[in-house]
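Chain and residue survey
Read off the chains here:
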Amino acid sequence: MKYISYNNHSFKKTKYYDRLSQTQKDDFEILSKIFYFKTNNYVLEQLIDWDNLENDPMFRLNFLHKNVISAKDYEQLLMFYKAGVTIKDLHPFIEMIRKKTTPQIPYDEKCFPKKGGERIQGLYRSFNNVISLFPDPMLKTCHAYCSYCFRWIAFNNTEVQDYTTYKDPRTPVDYLKENPEITETLFTGADPLTLNADKIKQYVDPLLEVDSVKTIRFNTKALTWWPFRFTTDKDAENVLELFRYIVSTGRNLTFCAHLTHVRELQNDHVIEAVKKIQATGAKIICQGPVVEGINDTVEDWVGLWSQEVALGMQPYYMFVELNHNHEASFRIPLAKAVHIFQEAEKQVKGLQQPFNGPVFMNDVHCVSIDEVTTEDNAKHFALKCLASPYTESEGKIELIPYDEHTRSAGDLVAMFSPQE
Ligand code: SF4
C-alpha cells in the first residue's frame, strides 16, 4: 500500500467524507479549524468501520469529538459557522479556544539537564536512569493524529519545535557520559518512526558511543497507524536493518507501541509488522491511555492485552488522561479506571511480567492508583509514586478520599514533590 496522507481539506475530497452524518460533518468542520487533523489511506480503508461510525472506537480515536472543547464554545462556533462567518473573522475566537486548550505541562526545573548552568535544549530527564530526547525532526508529525493527543501544540508549530528540540545529533553525548547512571534513552516525538532510517540512525549513532547507555527506546504509533513502515515501504528493510544494528551493539532495543484498542491489532498487515520487528531482536512493549468512548470497558482491555500477549508483546502501562487540557475530555472516573485495570488483569491469561495501571505520567512523576483501601472506616484511593526525579519520593504512598465519580486526583506534582 502506498502511503497517502489526508488533512482536513483533502479528506473532504475522499468518498469517506460523504459517509459522515450532517452532525459529524459539522463537528469535523468546526474542530479541524482549531486542532490539526491527519489521517491516511490505511486508517480510512482498514481500521475505521464506516457502517458503525457512532460507536466505532477507531473513528473516535482519529476524528475529533466535540467534547474536546467546552459546550459553550462549541455552540458559539457552530452558530458562527452556520451563519457563514469567514475563517478570517473567526480567527480571534479560534485563537482564544486554542489558548484555553493549550496543554499546561507541569515541568520541573530539576528535569532539565544543564551545562554550565544553561539548559541543554531537547533533553528532559524525569527519572534517574531514563532520559527523553527530542531531536528536531522527530517532533514534527505522526502517520495520523489521535483525537486525545496533547502534543498537537507542537505539530506545524516551528516556534515550539525550535525551543524544545535539538538539531545537532551529538547534543546529548557529553551529558550522557557525565551521567552514567542514565542507562536508557527514549525517543518519543510526535512519532520518531515517521523519519527515514538514515535520519533516525544519525541521532542514534552518537548514543551508541556511550557505554553506559544500555537501552534505546522508541515510543511510536507507527505500528498501527502505518504498519507498512515495517513491511512493504521502500524504507522498511532499512528501518529493520537499523533495529538489527542497534541490537548487534549489545543494546536492548525497546519498541514501545502506543496502542489503544484491540482493533488496531486485528489484521494481517499489523501482525506481519509485529513479527518483522520482533525478528530483529527488538522487544515490543505496549502502552496507551484508558479513554472515554474508545476503550472504557473491561472487555476492551481484556481484548487488547490478550492480543498483545498472543503476539508476544508485553503490556506495560495503562495511562489515565492527563490534566494537560482543562476539559480533560477523555478522562474517565478514577474508580472506573481502577476497576477496569483490576478486572481485566484477572481475566487475561499469560501476563507474565508486572505492568502498571492506571498511571498518571505527569511529566514530573509517574504515579499509579494502586488500590482502593479503607482507613479509619473511610475509603481512599492509594496513590503510589513509581518514579520521580526526586528519588526520595519513589515508593511514597498518598491516600486521597475515595469518590466514585471523581476524575481528579488533585495536584500530583505538589503531592509528590519535596516541600520547600
Ligand atoms: S501517535 Fe502519539 S504523538 Fe502522535 S497523535 Fe497520537 S498520541 Fe499524539
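Because the structure is a prediction, the values reported are computed rather than measured.

About the cut-offs
- Residues numbered from 1 in each chain as written.
- Predicted model: local features only at pLDDT ≥ 70, side-chain atom pairs only at ≥ 80, totals over all residues.
- Heavy atoms only, no water.
- Near = heavy atom within 4 Å.
- Nonpolar A, V, L, I, M, F, W, Y, C, P; charged D, E, K, R; others polar.
- Phe/Tyr/Trp six-rings, centres within 6.5 Å; stacked < 30°, edge-to-face > 60°.
- Helix = DSSP H or I, 4+ residues; strand = E, 2+ residues; numbered from the N terminus.
- Buried < 20%, exposed > 50% of the residue type's maximum accessible area, 1.4 Å probe, protein only.
- Lys NZ or Arg CZ within 6 Å of the ring centre and 35° of its normal.
- Polar contact = N/O pair within 3.5 Å; in protein donor to acceptor, adjacent residues only side chain to side chain.
- Pairing = 2+ DSSP bridges.
- Axes fitted to C-alpha atoms, helices over the stretch in contact; angles between N-to-C directions.
- Contact = heavy atoms within 4.5 Å.
- Domains from an automatic or database assignment.
- Buried area = accessible area lost by both parts, 1.4 Å probe.
- Salt bridge = Lys/Arg side-chain N within 4 Å of Asp/Glu carboxyl O.

Let us look at the site of the ligand. Around the ligand sit C142, Y145, C146, C149, A190, K221 and H258, and those are all the residues in its vicinity. In the shell around the ligand, the residues fall into five nonpolar, one polar and one charged.

With the rule as written, the count across this model stands at 35 aromatic pairs. Each ring, one from Y148 and one from F330, has its centre 6.0 Å from the other, and the planes form 80°; the classification is edge-to-face. Taken together, the residues Y148 in the loop between β6 (130-133) and α7 (158-164) and F330 in the loop between β11 (314-320) and α14 (334-347) connect sequence positions 182 residues apart. Pairing W305 with F355 gives two aromatic rings, centres 4.8 Å apart and planes at 85°, and the pair type is edge-to-face. One end of the pair, W305, is in helix α13 (residues 298-310); the other, F355, is in the loop between α14 and β12 (356-361), and 50 residues separate them in sequence. The exposure classification of W305 matches that of F355, with both residues buried. Ring-pair connections join several aromatic residues into one group, and the members of that group are F11, Y16, Y17, F28, F37, W50, F59 and F63. We note R119 situated over the ring of F112; from NZ or CZ to the ring centre the distance is 3.6 Å. If you follow K201 out to its NZ or CZ, it ends over the ring of Y245, 4.6 Å from the centre.

The next thing to look at is the side chain of S417. Its location among the elements puts S417 in the segment after α15 (412-416). What makes S417 buried here is its relative accessible area of 13%. Side chain to side chain, S417 and H365 meet in a polar contact 3.0 Å long. A polar atom in the side chain of S417 sits 2.6 Å from the backbone oxygen of V413.

On to the sheet that holds strand β15 (residues 397-401), then. Strand order in the open sheet formed by 11 strands is β5-β6-β7-β8-β9-β10-β11-β12-β13-β14-β15, with mixed pairing between adjacent strands. Each end of this open sheet is capped by a strand with a single partner; those strands are β5 (123-127) and β15. This sheet shows a mean twist of 30° between the axes of neighbouring strands, independent of strand direction. Running over the sheet, helix α11 (residues 236-248) touches β8 (215-220) and β9 (252-258) and is turned about 135° from β9.

Among the structural elements, Y166 can be located in the loop between α7 and α8 (173-178). Placed 43 residues apart in sequence, Y166 and L123 show a C-alpha to C-alpha distance of 8.0 Å. Apart from residues no more than four positions distant in its own chain, Y166 is found in contact with Q121, G122, L123, L133, F134, P135, D136, T171, P172, F187 and Y203.

Structurally, H405 can be placed in the loop between β15 and α15. Of the residues examined, H405 reaches a relative accessible area of 59% and is grouped as exposed. Placed 72 residues apart in sequence, H405 and P333 show a C-alpha to C-alpha distance of 5.4 Å.

Below, the discussion takes up the domain arrangement of the protein. When the parts of a complex come together, some accessible area is lost, and that lost area is often used as the size of the interface. When the domains of the protein are assigned, the result is domain 1 (5-101) and domain 2 (109-353). If you look at the interface, domain 1 gives 28 residues, while domain 2 gives 32 residues. Together, the buried faces of domain 1 and domain 2 total about 2600 Å²; carbon and sulfur atoms form 58% of this surface. Area buried by domain 1 at its contact with domain 2 is led by Y36, Y42 and L61, which between them contribute 29% of it. Along the contact surface separating domain 1 from domain 2 lie one salt bridge. The salt bridge partner of R263 is D56, with a shortest N-O separation of 2.9 Å. Across the domain 1-domain 2 interface, the total number found is 13 residue pairs in polar contact (both at pLDDT 80 or more). Broken down by secondary-structure element, the contributors of at least two residues to the side of domain 1 that touches domain 2 are β2 (39-40), α3 (41-47), α4 (57-62) and α6 (87-101). For the side of domain 1 that touches domain 2, the class distribution of residues is 14 nonpolar, eight polar and six charged.

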